[in-house]
Protein chains: 2
Amino acid sequence: MEMLTPVFDTYSHIPIYQQLYSYIKDEIKEGRIPNNSKLPSKRKLSSHLNVSQNTIQAAYDQLIEEGYIQSQEKRGFFVNKLDHLQSIKVIKAEEEALAPLNFPVSVYDYSYHGVDFLSFPFDLWRRLTKEVINEYDREILQLSSSLGYHRLRANISSYLHQSRGVNCSEHQVIISSGTEMLFQSLIQLFDENYIYGIENPGYERLNQLFRGNRAAFTSIRIDECGMIPEEIERFQPNVLCITPAHQFPSGQIMPINRRIQLLNWANQQSDRYIIEDDYDSEFKYSGKPIPALQGLDENEKVIYMGSLSKSISPTLRVSYMVLPAHLMQHYRKELSYQLCPVPMIEQKVLCRFIEEGYFERHLNKMRNIYKRKRELLVDSIQILHPDMKIFGADAGLHLLLQVPNRMSEEQLIEAAKAMGVRVYKCSQYYSNPIDIPKEPILLLGYAMISEKEIVESCKLLKQAWFPSLSNYTK
Amino acid sequence: MEMLTPVFDTYSHIPIYQQLYSYIKDEIKEGRIPNNSKLPSKRKLSSHLNVSQNTIQAAYDQLIEEGYIQSQEKRGFFVNKLDHLQSIKVIKAEEEALAPLNFPVSVYDYSYHGVDFLSFPFDLWRRLTKEVINEYDREILQLSSSLGYHRLRANISSYLHQSRGVNCSEHQVIISSGTEMLFQSLIQLFDENYIYGIENPGYERLNQLFRGNRAAFTSIRIDECGMIPEEIERFQPNVLCITPAHQFPSGQIMPINRRIQLLNWANQQSDRYIIEDDYDSEFKYSGKPIPALQGLDENEKVIYMGSLSKSISPTLRVSYMVLPAHLMQHYRKELSYQLCPVPMIEQKVLCRFIEEGYFERHLNKMRNIYKRKRELLVDSIQILHPDMKIFGADAGLHLLLQVPNRMSEEQLIEAAKAMGVRVYKCSQYYSNPIDIPKEPILLLGYAMISEKEIVESCKLLKQAWFPSLSNYTK
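Throughout this document, residue positions are counted from 1 along each chain, in the order its sequence is written. For this description, chains carry letters from A and ligands carry numbers from 1, given in the order in which they are written. Since the coordinates come from a predicted model, pLDDT governs what is reported: local features require at least 70, and pairs of side-chain atoms require 80 or more to be given and counted, while whole-chain, interface and lining totals use all residues. Heavy atoms throughout the structure, all of them, feed into the side-chain values; hydrogens and water do not.

(A) Focus on the overall build of chain A. Each helix is a run of DSSP H or I of at least 4 residues and each strand a run of E of at least 2, with the numbering of both proceeding from the N terminus. Assigned secondary structure in chain A consists of 15 helices and 16 strands. For chain A, the spread of C-alpha atoms along the three principal axes comes to 95 × 60 × 50 Å. Whether a residue is buried, partly exposed or exposed follows from its accessible area with a 1.4 Å probe, protein chains only, as a fraction of its type maximum: under 20%, in between, or over 50%, in that order. Out of the 474 residues in chain A, the part that is buried amounts to 59%. Surface summary for chain A: the accessible area is close to 20600 Å², and the carbon and sulfur share equals 49%. Under the counting rule used here, the positive set is Lys and Arg, the negative set is Asp and Glu, and His together with the chain ends is not counted. Throughout, a charge is located at the NZ atom of Lys, the CZ atom of Arg, the CG atom of Asp or the CD atom of Glu. Between the mean site of the 53 positive side-chain charges and the mean site of the 57 negative ones, chain A shows a separation of 3 Å. Under the convention used here, a 1.4 Å probe and the Shrake-Rupley method define accessible areas, while residue burial counts only the protein chains that appear.

(B) Structural view of the interface of chain A and chain B. Contacts between residues were defined by any pair of non-hydrogen atoms, one from each residue, lying within 4.5 Å. Listed as interface residues are 110 residues of chain A and, on the opposing side, 111 residues of chain B. Here chain A and chain B share an interface that buries about 10000 Å² over both sides, 59% of which is from carbon and sulfur atoms. When two components associate, each loses some accessible surface as probed by a 1.4 Å sphere; the sum of these losses over both components is called the buried area. Sorting the residues of chain A by area buried against chain B places Leu98, Leu141 and Tyr337 of chain A first, and these three jointly supply 9% of that buried surface. A pairing counts as a salt bridge when a side-chain nitrogen of Lys or Arg comes within 4 Å of a carboxyl oxygen of Asp or Glu. Our count for the chain A to chain B interface comes out at four salt bridges. Lys284 of chain B is the partner of Glu65 of chain A in a salt bridge, and the nearest nitrogen-oxygen pair spans 3.0 Å. Pairs of N or O atoms within 3.5 Å make up the polar contacts considered here, provided that, within protein, one atom can donate a hydrogen while the other can accept it, and that residues adjacent in sequence are counted only when both atoms are side-chain atoms. Linking chain A with chain B are 33 residue pairs in polar contact (both at pLDDT 80 or more). Within the residue set of the side of chain A that touches chain B, elements represented by two or more residues are α1 (16-29), α3 (53-66), α4 (122-132), α6 (178-189), α7 (205-212), α9 (256-267), α10 (325-334) and α11 (344-355) of chain A.

(C) Broad picture of the sheet that holds strand β12 (residues 389-391) of chain A. Residues and elements named next belong to chain A. Taken together, the four strands give an open sheet; going across it, the order is β12-β13-β16-β15, and neighbouring strands pair in antiparallel fashion. Only two strands of the sheet have a single neighbouring strand rather than two, namely β12 and β15 (424-425). At least two DSSP bridges between two strands are needed for those strands to be called paired. Of the strand pairs in this sheet, β15 and strand β16 (residues 442-445) are connected by two bridges, and their pairing is antiparallel. Bridging across to β16, Lys425 finds its partner in Leu442.

(D) Main features of the confidence of the model for chain A. Per-residue confidence for chain A gives a mean pLDDT of 91, with 95% of residues at or over 70. Two summary scores accompany this predicted model of the complex, namely pTM at 0.90 and ipTM at 0.90. The predictor rates its confidence in each residue with pLDDT, a number between 0 and 100.

(E) The arrangement of the side chain of Gln19 of chain A in detail. Residues and elements named next belong to chain A. Among the structural elements, Gln19 can be located in helix α1. Overall, the relative accessible area of 14% leaves Gln19 in the buried class. A distance of 2.8 Å separates a polar atom in the side chain of Gln19 from the backbone nitrogen of Asp9. Apart from the residues lying within four places of it in its own chain, the contact partners of Gln19 are Val7, Phe8, Asp9, Ser12 and Ile14.

(F) Up close: unusual backbone geometry. Cis peptide bonds are those with omega within 30 degrees of zero, and the linkage from Phe248 of chain A to Pro249 of chain A qualifies with 5 degrees. The residue Pro249 of chain A is located in the loop between β8 (239-242) and α9 in this model. The phi torsion at Arg214 of chain A lies on the positive side, around 55 degrees, for a residue other than glycine. Mapped onto the elements, Arg214 of chain A comes out in the loop between α7 and β6 (216-223). Since its relative accessible area comes to 33%, Arg214 of chain A is described here as partly exposed. If you check the backbone angles, Lys74 of chain B has positive phi at about 65 degrees while not being a glycine.

(G) Broad picture of the pattern of salt bridges. Applying the stated criterion across every chain, the model contains 40 salt bridges over all chains. Residues Glu231 of chain B and Arg221 of chain B are paired through a salt bridge, measuring 3.2 Å at the closest nitrogen-oxygen approach. Taken together, the residues Glu231 of chain B in helix α8 (residues 229-235) and Arg221 of chain B in strand β6 (residues 216-223) connect sequence positions ten residues apart. The class of Glu231 of chain B is buried, set by a relative accessible area of 9%. Residues participating in the shared-partner salt-bridge network are Arg127, Glu131, Arg352 and Glu356 of chain A.

(H) Geometry of the nonpolar core. Definition used in this section: a nonpolar core is a set of buried Ala, Val, Leu, Ile, Met, Phe, Trp, Tyr and Cys residues joined via side-chain atoms within 4.5 Å. Among the nonpolar cores identified, the biggest contains 150 residues, and Trp465 of chain A together with Trp465 of chain B are the most heavily contacted of them. Once residues within four sequence positions are removed from consideration, Trp465 of chain A is found in contact with Met388, Leu401, Val403, Asn405, Met407, Leu412, Ala415, Ala416, Val423 and Leu442 of chain A. Ranked by size, the runner-up nonpolar core spans 60 residues in total, among them Leu98, Tyr331 and Leu335 of chain A together with Phe210 of chain B.

(I) Structural context of the pairing of strand β11 (residues 319-322) of chain B. Residue and element names in this part refer to chain B. Of the two faces of β11, the one lined by Ser319 and Met321 and the one lined by Tyr320 and Val322 are each fully buried. In this sheet, β11 lies alongside strand β4 (residues 173-176) in antiparallel orientation, the contact comprising four bridges. Paired with Ser176 across the strands is Ser319, a residue of β11. Taken together, the four bridges between strand β10 (residues 302-307) and β11 define a ladder with antiparallel strand orientation. Bridging across to β11, Gly306 finds its partner in Tyr320.

(J) Representation of the packing of aromatic side chains. When two rings of Phe, Tyr or Trp (its six-membered ring) have centres within 6.5 Å they constitute a pair, described as stacked for plane angles under 30 degrees, edge-to-face for angles over 60, and tilted for the intermediate range. Under the criterion given, the structure shown has 38 aromatic pairs over all chains. Ring geometry for Tyr196 of chain A versus Phe210 of chain A: centroids 4.7 Å apart, planes at 25 degrees, classification stacked. In this pair, Tyr196 of chain A sits in strand β5 (residues 195-200) while Phe210 of chain A sits in helix α7, placing the two residues 14 residues apart along the sequence. Accessibility assignment for this pair places Tyr196 of chain A and Phe210 of chain A in one class, buried. Ring geometry for Tyr203 of chain B and Phe248 of chain B: centres 6.0 Å apart, planes at 90 degrees, overall edge-to-face. Taken together, the residues Tyr203 of chain B in the loop between β5 (195-200) and α7 (205-212) and Phe248 of chain B in the loop between β8 (239-242) and α9 (256-267) connect sequence positions 45 residues apart. With relative accessibility at 25%, the residue Tyr203 of chain B sits in the partly exposed group. Three or more aromatic residues joined by ring pairs make a cluster, and in this case those are Phe117, Phe120, Phe122, Trp125, Tyr159, Phe353, Tyr358 and Phe359 of chain A. A ring has a charge above it when a Lys NZ or an Arg CZ is no more than 6 Å from the ring centre and no more than 35 degrees off the ring normal. Just above the ring of Tyr112 of chain A sits the side chain of Lys310 of chain A; from NZ or CZ to the centre is 3.5 Å.

(K) Seen up close, the relation of the copies chain A and chain B. Alignment of the copies relies on least squares applied to C-alpha atoms, considering only residues that score at least 70 for pLDDT in both. The two copies are related by a screw operation: chain A maps onto chain B through 180 degrees of rotation and 0.0 Å of translation along the axis, at an RMSD of 0.1 Å. In the structure described here, the two chain copies are related by an operation that fits a two-fold rotation axis. Residue by residue, 100% of the interface of chain A is reproduced at the interface of chain B, so both copies engage with the same surface.

(L) Focus on α10 of chain A. All names here are of chain A. For α10, the set of buried residues is Ala325, Leu327, Met328, Tyr331 and Arg332. Down the axis of α10, the buried side of the element spans an arc of 155 degrees, and every buried residue falls inside it. Packed against the buried residues of α10 are α5 (150-164), β4 (173-176), α6, β9 (273-277), β10 (302-307) and β11 (319-322). This arc corresponds to the set of directions leading from the helix axis out to the C-beta atoms.

Here's what the structure looks like:
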C-alpha cells in the first residue's frame, strides 16, 4: 500500500480523523486494501494529506481498537485478515405487520381498563413528586431491595391488614409491575410440573400467560359460588387462581362456605396453594367490604395479590403480593436476581401517598364517584327496557348485562358500535366455547365513562337494541 | 335461636350494625349458633336490642353477602351449614429468614451498580415531571401499547441509530424494566428447546435467569476477542448472549473479525440468533464509540439490548430492545399480553428528556465526569504500586485490577474491607471454577465513588495490600 488519498469534506462537522478512519475502514471492508498490506506510515501520510500526525494517529487508533488493523512494533501498521460476511436470504416482515395497532375510537366507551379521568389527584401527585425528587436523598439513585422499597412495603402491609383483613408482615410483601409479572414470578417459584387451575369464565390474560410461560393449566368451571369443588377434584390442579372478592367477569362474591371448602382442599396436600387475585376489592357499594380469603388461612396456603390499577391508575403499573413466610424464604433464595421493576421515584411518591392518608381519602372519594356512576348506569339501563338483566353490580367497576331482544352477542356489539357506543363481549372470557351461555352477556365497565356520557349513550343503546321502541319514545 | 344478646360498645367508632354483624359471625364460626337455626326476626331483634330495624337489616345483609346466613322467603333468616376449617401443622419460617437483607456499609465503595450521585439532573427532572403530570393529557391515565409509549420508542430508535449505528425503525423497539425482563420475554418468544450460550466469565445474573426460567444454557469461554468460535461449535447453542462493545467483566472490545465470524455462525442456520447486550456502550473515553454489532447484521439475526441504568440511573428501571422485524411480528402475536411495565409518567418524562436534547448533553457531561474519575483511579492505582496491572479501562464504568502481592482474592477483599474500602471479586463471574485465573482479579466500579474518595481510598488500599511499603511512605 503506497499511499491513501481520501477526499476530505472540510465543511463537514465530522472531524478529519473520523473521515480518514471511515475511508480506510470502507476500503478494507470492500477489499480495495488487501489483507496483510502495510498502511503508509504516520509521517508519510501526514505529509501526503497535509494533516497533522496526531490526526493520522487518532484514525489508526480507532481502526486498531475495532480490529481492522494492527500495529507491529518497529514495522508499522498492517491490515488484518477479515472473514467474508455471508449473506442469506431473509424473509422480510411486511411493513404493515409492524404498524401501530389501531384502537378504534368510539364516542362512548364502556372499557373496563381505566379509571375516572377527572378524579386523579394531579396537583397532589405533582407536589409529592417534586418533593420526592430531592438531591439530598441518595436512595433515589441507589438500587435497593429486589422486593421493593421497604417503607412502601410496610405501608402496603398495614393497608392490607386494615382494609382487607390480610395477615402479613411487611417482610412478606413483594412489589412489582402488574399482576402478570407476579404470576410469572410464581411460575418460576413453584415446581415446574405444577398445574394451575384457572376460573372459567375468567381473566383472559391468564390463559396467554400460562401458555407463554409453558406452564400447564386447566380451566375449572364456576357456579354461583365460585370454582366448583367437584371440578377441582376432577382436574387435579396444584394451584388455584381465583378472584373471591368479585369474580371476574361474573361479579360474584364467594360465600364463606366455598372459601372454607377451597382452603380445606389446599390443606389436604403440601403441594397445593391458592392464588387470591383481589383485583378490584376496594370498590364495594353497600355494607362492609368482604375480607380477603387470605385472612382465613392459617396454614400458609394463600398467596394474596392486588394492584393499584383500579384504585389509582393502570398506568402506574404497580402491583403487589403477599407470600406465605415459607414461600418468601424460597423466593429470596431463588429469585432475588429479579430486581423490583417499579422506579424508585414512583415508589417513594406512592409511599407518601399511602402514609400521609391520601390513599384512604382517594379511595373514599372514588367509591362515591363510582357508586354514583353505577347507580346512574343501572337506572339508565332499566329505563332502556324493563326486562334488562343486570348481574354483578354490587362491587367492582363493571357490570354484566343481558338484553332481551334475541340479538346475538356480535349483533348487540355491532349495533351499539354503529351508534358510537363500545360495549364488550363476555364470551372471550370462556376458555371452552361449550360453556358460553346461550343467551349473550355483555360487559360494561363504568370507571372511565362520565355521568353525562352514561345518560347519552344509554339513549343511543336504546336506538341500537330496541329501534321500534325508541322511535315511539322519541 | 330465641334471641341474640351482644354487648354494644356505644363509644366505639365502629357502627352498631358492624358490631352486630361481627358478633353473629363469630357465634356462627365458633358453633355457638348451630347450622340451620333460625335467627330472630328483624322486628323482634330490633325491639330486644333497642336499635332500628335498618341496623338489623344491614347486619343481616352483610352476613347474607358473605354467605353466613340465607334469607328464605316468608320464613326468615337461617344459618348456613359451614364446613369445618381444617388445620394442618405448618413448618414456620424463622423470623430472621425474612428480615431485611443487610448490605454492609463501607466508607468507600467501588460498587459497580450505580451512577455519579451529584450529576443527576434533579432540577430538570422535577420540572419535566411537573409538566408531564398534566390534567389535560388523557394519555397519562390510559394504557397504551404493550410495547411502550410510541413517542419514546421513536426517540430511542433515532438515538440508537445516531449514537450506536443500530439499524431499526421505531416499530422494532420494545420498552421494558431491566435487561432481565427483556431476556425473560425472549425466552418465551423463542422455541423452548433453544440453548443459550453465555459468556464465561460473564454477567452473573444470566445464570440465575436462565435457571429460573428453566431454559437450557451453556457457558462459552472467551479469549481476548470474545466468545471462541471453536467453543461455540463444540457446545452448539442456538442463541449467543454477548457484550461486544465492552465485555463484562473483562472490558474487552470485540474486534471486527470476531464480529463477522459470529454473524457468519448465526447466518448458517435459521434457528441461530445473537443477543447483543450493549449495557454501558455510552462510555468510551478515547476515539469514536465502537458501533453496535447489530449495524453489521443484514439477515435479521441480532437482537439489540440496552438500558438507561448506566447512562441515567438504575433506579429508573428502563431498558429497551430492538427486535428483527420477523421476530417483532412473532412477539406481537404471542406476547402482547405483557403490558409495558414502565409507568406512563416516567415514559413521558424520558421522552422529553431525549427529544429536547437533554439526554445527549447529560451523556457528554457524564462522559467527562467518568473520564476524569477513571484517569484519577488509574493514576492512584499506579502510584499505589508500580506493578499493578489494570485491564478493561478504555470504556465503561469499571476496571479490573491485579495486585502483585501474592494475596488471594479473599484476602485482598478482606484486607481492603478492614480499611473501610469495598472492592469486588471477579471469580463470581465464572460459571466454572476451573476457568478462574490463578492470579486473582478484582473489579472496581468508579461511577458512584467521588474523586475525593478515590484518592483517599487508594491510600487505604496501599495500607491494606502493601503494609510494609505504606509504613515507609507515611
